[in-house]
Amino acid sequence: WLADVAGTVAARNVNGPRGLAYGAAWLDSAGPLLVAADWFGQRSLNVIDPATGVARPVGARGARFPDADGAGNLVFENAVYSANLFALDVERPGAPPRELWPSMRYTNQAEFAPDGERVTFISNRDGAAAVYVAQEGQEPRRLTATDEFVYMRPHWSHDGRSIYAVRVGRREDGGRRQEAVRLDPESGAIEVLVALGDAVFDLRPAGPDGFIVGEIADNAARITRTNDLRQAPLRLPLPVTTEYQVAGG
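Residues numbered from 1 in each chain as written. Predicted model: local features only at pLDDT ≥ 70, side-chain atom pairs only at ≥ 80, totals over all residues. Heavy atoms only, no water.

Asker: Pulling in residues and values, what's your account of the nonpolar core?
Answerer: In terms of nonpolar packing, the biggest core is built from 14 residues, with Ile122, Val131, Leu143, Tyr151, Ile163 and Leu183 touching the most fellow members. At the level of elements, strand 11 (130-135), strand 13 (150-156), strand 14 (163-170) and strand 15 (176-183) are the ones that each hand at least two residues to this core. Beyond its immediate sequence surroundings of up to four residues, Tyr151 is in contact with Ile122, Ala129, Ala130, Val131, Thr144, Val166, Arg167, Val181 and Ile190. Formed by twelve residues, the second largest nonpolar core is a distinct cluster that contains Tyr164, Val200, Leu203 and Leu229. (Core = buried A, V, L, I, M, F, W, Y, C linked by side-chain atoms within 4.5 Å. Buried < 20%, exposed > 50% of the residue type's maximum accessible area, 1.4 Å probe, protein only. Helix = DSSP H or I, 4+ residues; strand = E, 2+ residues; numbered from the N terminus. Contact = heavy atoms within 4.5 Å.)

What follows is the structure, given as C-alpha cells:
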C-alpha cells in the first residue's frame, strides 16, 4: 500500500501479486520497490513497479526486511526455517515424533479425517496458502490449484466426504473477502457457500447435520449456527471469540 504523507488522500493498493510481504525498500524515489514476498512460490526479493503493479522475482530465497542505500547496495535478513507437521504416538511414551511432509515453507492447521487415515492441512509450499490432503507415507495432494485465493481453516465433514474451508480474496473496493467453501477431497471440486456471506471467520460441522459458523467481528468472531448451508445462519447468544472448538453436535 502507498500513501502520500504530505496530502490527505487515503492509501492505495499497489495491486501486486497475491501473497504475504515481509518488508520493502525504495530503489528510487519514484520506484521501483524492492519487496521481500512469497508472490512467486517462495519468499524472496522481488521488484515491483508501483504504477502498474507488475512484479518480477530477483532472487535471495529466504530474504526478509530489505533496505537499499541509493548507491546500489542492499541489505536484508536471511530467514530460512521449517514449520512442519509431526505425528506423535501417545501409546509409546518417550518415542520421538515423526516429521510428516516437510517443506521449506510453513504447514499448519492440520486435522484428521474421521477415518483416522487422511489429514488435511494448509501450506504455502507451492505458492499461496492452499488446502492439502495427505496420508502418511504418501505425497500430499493440493486441492486448491489456483493462487487467486488464500485458503485457511480446513475441517472434515462428519462423513469424511467433504472438506470445509475459508478462502480469502479481495472485494471490488479492495477490502478483504472471506467466503466459506466446500471441497471434494478426491477431485478438488469447489462449491462456494454464498448464503454464508463474505465475512466468514470459520465453518465447522457440528454433528452429522449442523454447522457452527463464525462471522467476522473486527479481530474476533460472532458464533452462529445453521442446519442448512443454503440459508443465512442464526446468531447464538454467546460472546465474541478469537478461537473455538466444536465437540459432537
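Asker: I'd like to hear about the packing of aromatic side chains, residue by residue, with values.
Answerer: By the definition in use, this model includes four aromatic pairs. Between Tyr164 and Phe211, the ring centres sit 5.3 Å apart and the planes meet at 75 degrees, which makes this aromatic pair edge-to-face. One end of the pair, Tyr164, is in strand 14; the other, Phe211, is in strand 18 (residues 210-217), and 47 residues separate them in sequence. Among the residues examined, Tyr164 registers a relative accessible area of 4% and is labelled buried. Assessed through its relative accessible area of 10%, Phe211 is described here as buried. Each residue in the set Trp101, Phe121 and Tyr132 is aromatic and connected to the rest through ring pairs, giving one cluster. Between the NZ or CZ atom of Arg167 and the centre of the ring of Phe149, over which it lies, the distance is 3.9 Å. The cationic tip of Arg204 hangs over the ring face of Tyr244; the distance from NZ or CZ to the ring centre is 5.6 Å. (Phe/Tyr/Trp six-rings, centres within 6.5 Å; stacked < 30°, edge-to-face > 60°. Lys NZ or Arg CZ within 6 Å of the ring centre and 35° of its normal.)

Asker: Residues and numbers for the pattern of salt bridges, please.
Answerer: Scanning the entire structure with this criterion turns up 13 salt bridges. Arg118 is the partner of Glu186 in a salt bridge, and the nearest nitrogen-oxygen pair spans 4.0 Å. Of the two residues, Glu186 is situated in the loop between strand 15 and strand 16 (190-192) and Arg118 in strand 10 (residues 118-123); the sequence distance between them amounts to 68 residues. The class of Glu186 is exposed, set by a relative accessible area of 58%. Its relative accessible area of 15% is what places Arg118 among the buried residues. With its nearest N and O atoms 3.8 Å apart, the salt bridge here joins Arg235 to Glu215. Separated by 20 residues along the polypeptide, Arg235 in strand 20 (residues 234-235) and Glu215 in strand 18 bring together distant segments of the chain. Residues joined by salt bridges that share partners form a network here, namely Asp115, Arg118 and Glu186. (Salt bridge = Lys/Arg side-chain N within 4 Å of Asp/Glu carboxyl O.)

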